[in-house]
Each structure stands twice: as structure tokens, then as C-alpha cells.
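# Summary of structural features
These are the residues of each chain, in order.
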Amino acid sequence: MHPALQGIITIIIGVGGCVGYFYFSNQLLDRVLFPATGKNAGRNINRANQIRPWLFLFPALFALGLYLAYPVFATLWLSLSDRSAGGAFVGLANYTQMFGEPKFWEAMRNNMLWLVIVPAFSTGFGLLAAQLTDRIAWGGIAKSLIFMPMAISFVGAAVIWKLVYDTRPAGKDQIGVLNAVWLSFDGGFSSVLVLKIVPALLLAAFAAFVLWCVYQAIRPFIKTELGHRKAEWWFTPLRIVLALVGIWLVWLSLGSIFSLFTATLPYGEPQTWLTIPFWNSIFLMTVLVWIQTGFAMVILSAAIRGIPEETIEAAVIDGANPFQIFFKIKVPQIMGTIVVVWTTITIVVLKVFDIVFAMTNGQWETQVLANYMYDKLFRANDWGVGSASAMIIMLLVTPILAWNVYNARKETR
């Protein structure tokens, strides 16, 4: 059968089935189960109206149960059983095996780096683009160009950036943009400035930002502010975990600064960028930052446009400069939107798979949890450990989803 005809038949059956379901279910409810006739007409109408919403919700609830709830419980069971032994229950043996594998901890370490770097830079660049594009005449065109990567699939973006990082043998023309730029450095002052001093300053700024975040996380333990609301009990362990992760990132940044100044760079030699440990993960993160910046820009631009002009005019009258207006007037008013954008990108990062699979396949110390899960499930046919890693991903995503729901309900109240 021709694919176009298949599509038309699918649409007819799908739409017709939905219309038929709602029509006949309402007829059954109103004419058979609770007819609006006789001495019990009023009671039947009330009962029918109580049941009617569930008729409309049933298809969605059924689909969610079939395609979301059931797979979760099935995956949980697989993580606690041995498929090769006929599904025998083995308890936490799969988790113990997974925790004993260096590749799992490599994936966890890389995921933590992705979680910090990608949402931070995507949200930061998106906020910067949203502010700047609203101040120029051709801002609409600029926004379209920045948002364009969102229309590209992750695999397509990975292929594009793999060409950017491409390496050809020495003496041949380099088609990779990064190697073409790299070969222009010769070890002089400009090389030291661009390749050592500037990256060191960026790493130092990142370490300072993380230290500020650590301070914000542990500030309630250091001093009690006047009028400070008592935080929920689950905030305490969350703040401790965030502080420990932040300290680890600061240590990692300082170590990278030391490595920058002590490293001997191979000038004049083309580099295989995706095989250099640690930095290859940064190159992979660049792809996702490139994609997600457009998403952050669109959402934050709408939030900035929604800021009341009276507050900005009052700040201008009080003598505030553009930086003070941006950081002390605009950012606080859109902080809720910034948090939503940050957490949404964080969820995308936790599930990142396509970019790593297409560019390095987890080699050269670039493994992430989703790729590790894929390797275990479909390459090693180890369904127990693969399902255990899937449960770890779900456990990492769940608190972020709960945080988003909590914030949404808080704003509604």
C-alpha cells in the first residue's frame, strides 16, 4: 500500500474512532445507564455529569498507563531480575554489578558536568540574546538565526559539528573549521593569550559563579535572615548535595587552570578533538548549547517583554545604568521563568543520547547514562543492568519534575 494512502487511512480511523468513542459513550451514558426520564431524572443527570469527565479522560489515562506507567514498572522488575535465568528475582544484584563498573561512574561524572555546563550556558546565552535582540532594528532576523538550530534534529546537529571537528592528516587541507583555526597558532603571544589566558579566565569566572551558587545553597546554615521562610525538610539534603557538587566543580576548574598553564601544546599539528579526554566532552556539550540557546532565548524574550514598563522607567529616573536595570530590575522579575527554562534544559540533558551516540559512541571517556543504558540493553543484551541504569535516569529526572510542579503550584497560589 502507498505510504500516502496509509497515512490517510490512519487519520480517518484515528479521528473517526475518537468521534465515535465520544458519541457512543455519551449515548450509552445518557440513554442506557442514566436516562434523564422518570422520577429519578434529576439524580441520573447528576450522576451522568459526574461520570462524563472520566469518559473524556479515559483515553488519555489509558494511553499514559499503557505507554508510561506500565513500562516504568516493567523496567523496575527487569532491573531486579535476571532475564537469562527466565526472569528469576535477583534483588539488587544488577545494581551492585552496575555500581562496580568504571563505565557507569564515568557516565555519572560526565552527566554531572553536562548538568552544570549545558543549562547554565544555554540559559545565559539565551538571556543575553533575548536582551540584545530586543534592542536592535533587525532583532527579528537575529532571533530567527539563533532559533534555527532548534529545527535540526540532534543527530543532524551532531553530523554538522562532527565536520567542524574533523581532522585530516598533516600536510593536507583541513575541512574542519576548528583544525583550520588551530593551525593558525604558532606559539607566540597571541597563542598564549587565546589558548591559555582566555580559557583560564573563563574557568576562573565559572569557578567563581559556582562558589556563589554554593554560598547560596549553604547560606541558610550560616545565618538566619529576617523574615526568612522556613524551608521544606527535603531542602536540607538537596542543599548539601548541591554544595558538594559545586565544590567538586570548583576543584575541577582549578585543576583545569593548572593543566592549561603546564601543558605543552602541539602547535602546527592537526588534532583529533573528539579523542582528547575531558575536552571532548566540552566539545559535545557545545552542540547541545548551540541547539538549546534558541529555546531559552524565545521563552526569556517573551518574559522580558512582559515586564511592566513602570518599573524600568522608575529605575531610569532614579539614575540606574543599563547593567543595574538588567540585573536588579529585569532579572529578579523573570527569575521564575529563568528557573523553568533551566530545569527544562536540565531534563533534556539527563536524557541526552543522540549527540554522544552519533559523535563518539561513548568512547574516549565521553560516556553518558543514556548511552550506557543503550550499550547494556541492545549491545551487551544485559537487560538487568540496562534497566537498572534506566531507573537511575528516572530517579535523577523525578526531583526536577517535582520541583517544576511545586513551582507551578506555588505561582498559581
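Residues numbered from 1 in each chain as written. Predicted model: local features only at pLDDT ≥ 70, side-chain atom pairs only at ≥ 80, totals over all residues. Heavy atoms only, no water.

## Topic: the environment of S144
Heads up, the condition is: Secondary structure elements follow DSSP: runs of H or I of four or more residues count as helices, runs of E of two or more count as strands, with numbering from the N terminus.
The topology assignment puts S144 in helix α5 (residues 139–147). On a C-alpha basis, the gap between S144 and A36 in space is 56 Å, while along the polypeptide they are 108 residues apart.

## Quick notes on unusual backbone geometry
Applied cut-off: Relative accessible area decides the class of each residue, using a 1.4 Å probe on protein chains only: under 20% of the type maximum gives buried, over 50% gives exposed, and in between gives partly exposed.
Here N361, not a glycine, exhibits a phi torsion of approximately 55°, which is positive. Structurally, N361 is set in the loop between α14 (354–359) and α15 (369–379). For N361, a relative accessible area of 23% gives the class partly exposed. For N381, which is not glycine, the phi torsion reads 55° and is therefore positive. Mapping N381 onto the fold places it in the loop between α15 and α16 (383–412). Accessibility expressed as a relative area gives 55% for N381, which makes it exposed.

## Points about α5
Defined as follows: By arc we mean the arc of the directions from the helix axis to the C-beta atoms, nothing more. Here a residue-residue contact requires only that any non-hydrogen atoms of the pair lie within 4.5 Å.
Of all the residues in α5, the buried ones are G139, A142 and K143. Seen end-on, α5 carries its buried residues on one side only, within an arc spanning 100°. Of the exposed residues in α5, the ones pointing more than 90 degrees away from its buried face are G140, I141 and L145. Tucked inside the fold, the buried residues of α5 contact α4 (102–133) and α10 (279–305).

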